[in-house]
Amino acid sequence: MEAVQAQHEDKRPKIVAFLCNWCSYAGADLAGSGRMDYPANLRVIRVPCSGRVDPLFVLKALEQGADAVLVSGCHPGDCHYAKGNYYARRRLTALLELLEFTGVPPHKYRFEWVSASEGKEFAQVIREMVEALNAAEQKAAMAHV
Amino acid sequence: MSDPDPVPTLRAKARELLEQGTVRAVVGYQSHAESGLPVPAVITRPDQAEALVFNPLCAHNLSRYVQGGAEKPVAVVAKACDTRALVVMMQESHIRREDVFVIAMGCTGIVDAARIDERARAPWRRIEAIRTDGDAVAVETDAGVARLSLTEDLLPRCVACPVPQPVIDDVRLGDFPEAPPGRPDPLAAQVAEIEAMGRDERRRFFSETYNRCIRCYACRNVCPLCFCEKCFADETRPQWVPRSTLGGGNELYHMVRAMHLAGRCIGCGACERACPVGLPLMAVNTKMAQVVDGMFGHVAGVRMDDTPPFAVYRDADPDLPGHGGGKS
């Protein structure tokens, strides 16, 4: 048990994922219950709605040392609260522009719509994120050789 | 060219408003007792109206002083650009239109006070008078006259003045330019310059910028639109931003501030002028104003009936990368 825990804690890169309760969290759950294979680098924070995600959360997670942050919610039109993700979309698209402008590397953040039936897509998003993080780490290591 | 010197009219108006009890206070500019530079003044008695001044050194956005516990109704001396801040505050239900009497002052630009040091023949201690003649501003100091130009020595945000006419006003004093001056905007040029850098270079630029921040919060405190009574940066439970700059948090503070001002910043540049370590704070603010205009068609404070851009949405808003728009 301890060994498993240690392995879990050391898992790098570390991705902090803000998942909406109704779609993306269920999507992640489906990936798990469907035994889909994806890297165990996630630390999930369940939020009631992607509209709950303050850009502050994303920036704070990065500042605290998260290697990457994922924000995921219901597709536009599918929000459990009808319009929460539309407000989220305005904030997240604006935040993307700020992150790009200030030169934050793109492998450090990803915002995605994932529905409760998209377990496969969720696993794919995580695989892509981890691949991008590993590639960036390798590139950085090469720069020091 | 109706009113070459609006100051006597301004004083008369302020006196009248206070005498008749239309307002309980007038926020305007007065000359600083030592330097003679214009500084904010809040007057509540008619006899204080004689102290009011207005000249091309009146840089402060006085809308900062109509908030919170300010006596209301209140009259505020506002340049055209300053009225945009009042409009944003009203759109966000922070102040009520009927509580503010807007004395709009004609303005062809504010000159950079730092240029007085460069143009005065000797170190000066006190400004005796400020005279404007066409595009020339003569700042008469105890060490001789410093001649400034209303085209060459403007504050960056005045060079391309996008809003020469007040958005709201109760009285207009002086002459207002009909249209923007049509000069290239140095703030937009700065954004373009940063965008032309590579991503790594941009990261370095902003890291170095924010590393120099001493987190005095002057940028926040001077900002007419940073008016939360409880700022996230002051919260202790949870403590988003550490108290000491040694514990990090500079970048988080500035990035979150950029998000909080996106679609709200009116570009007055007060943050940058207040910064004691000379950080280029307007770069992200200008960029985010462009982003919100480009994506949501919203320009802060230019129309009274606009809704704050993050309090509304449209189906056709730009979608996340990889999603074509609408349902995927």
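What comes next concerns the included structure.

The rules behind the values
Residues numbered from 1 in each chain as written. Chains lettered and ligands numbered in written order. Predicted model: local features only at pLDDT ≥ 70, side-chain atom pairs only at ≥ 80, totals over all residues. Heavy atoms only, no water. Helix = DSSP H or I, 4+ residues; strand = E, 2+ residues; numbered from the N terminus. Rg over C-alpha atoms; globule rule 2.2 N^0.38 Å. Buried < 20%, exposed > 50% of the residue type's maximum accessible area, 1.4 Å probe, protein only. Areas by Shrake-Rupley, 256 points an atom, 1.4 Å probe, with all protein chains shown as cover. Lys, Arg positive; Asp, Glu negative; His and termini not counted. Charge placed at Lys NZ, Arg CZ, Asp CG, Glu CD. Expected span 1.5 Å × (residues − 1). Arc of directions from axis to C-beta. Pairing = 2+ DSSP bridges. Axes fitted to C-alpha atoms, helices over the stretch in contact; angles between N-to-C directions. Contact = heavy atoms within 4.5 Å.

1. Comments concerning the overall build of chain B
And then number 1: Looking only at helices and strands, chain B has 10 helices and 9 strands in total.
And then number 2: Rg of the C-alpha trace for chain B: 21 Å, near the compact-globule value of 20 Å for 328 residues, within the 12% margin.
And then number 3: Along the three orthogonal principal directions, the C-alpha set of chain B runs to about 65 × 45 × 45 Å.
And then number 4: Per-residue burial for chain B yields a buried fraction of 49% across its 328 residues.
And then number 5: Accessible surface computed for chain B: about 15300 Å², of which carbon and sulfur atoms make up 50%.
And then number 6: A gap of 5 Å separates the mean positions of the 38 positive and 43 negative side-chain charges of chain B.

2. What to know about helix 1 (residues 7–19) of chain B
Residues and elements named next belong to chain B.
And then number 1: With 13 residues, helix 1 should reach 18 Å at 1.5 Å per residue; the first-to-last C-alpha distance of 18 Å fits that figure.
And then number 2: Where helix 1 is concerned, the buried positions are Val7, Leu10, Lys13, Ala14, Leu17 and Leu18. Buried residues of helix 1, seen end-on, are gathered within an arc of 125° and therefore sit on one face of the element.
And then number 3: Count one or two residues on from helix 1 and you reach Gly21, which has phi positive near 75°.

3. Digging into the sheet that holds strand 1 (residues 15–20) of chain A
Residues and elements named next belong to chain A.
And then number 1: One open sheet accounts for 4 strands, arranged 2-1-3-4; its pairing is parallel. The sheet is open, and its two borders are formed by strand 2 (42–47) and strand 4 (109–113), each paired with just one other strand. Neighbour-to-neighbour, the strand axes of the sheet open up by a mean angle of 15°, direction not taken into account.
And then number 2: Where strand 1 and strand 2 come together, 6 bridges link them in parallel fashion. Bridged to Ala17 within strand 2 is Val44.
And then number 3: Of the strands in this sheet, strand 1, strand 2 and strand 3 (68–73) touch helix 2 (residues 24–33), which is tilted by about 115° from strand 1.
And then number 4: Packing against the sheet, helix 4 (residues 84–101) makes contact with strand 3 and strand 4, and its axis sits at approximately 155° to strand 4.

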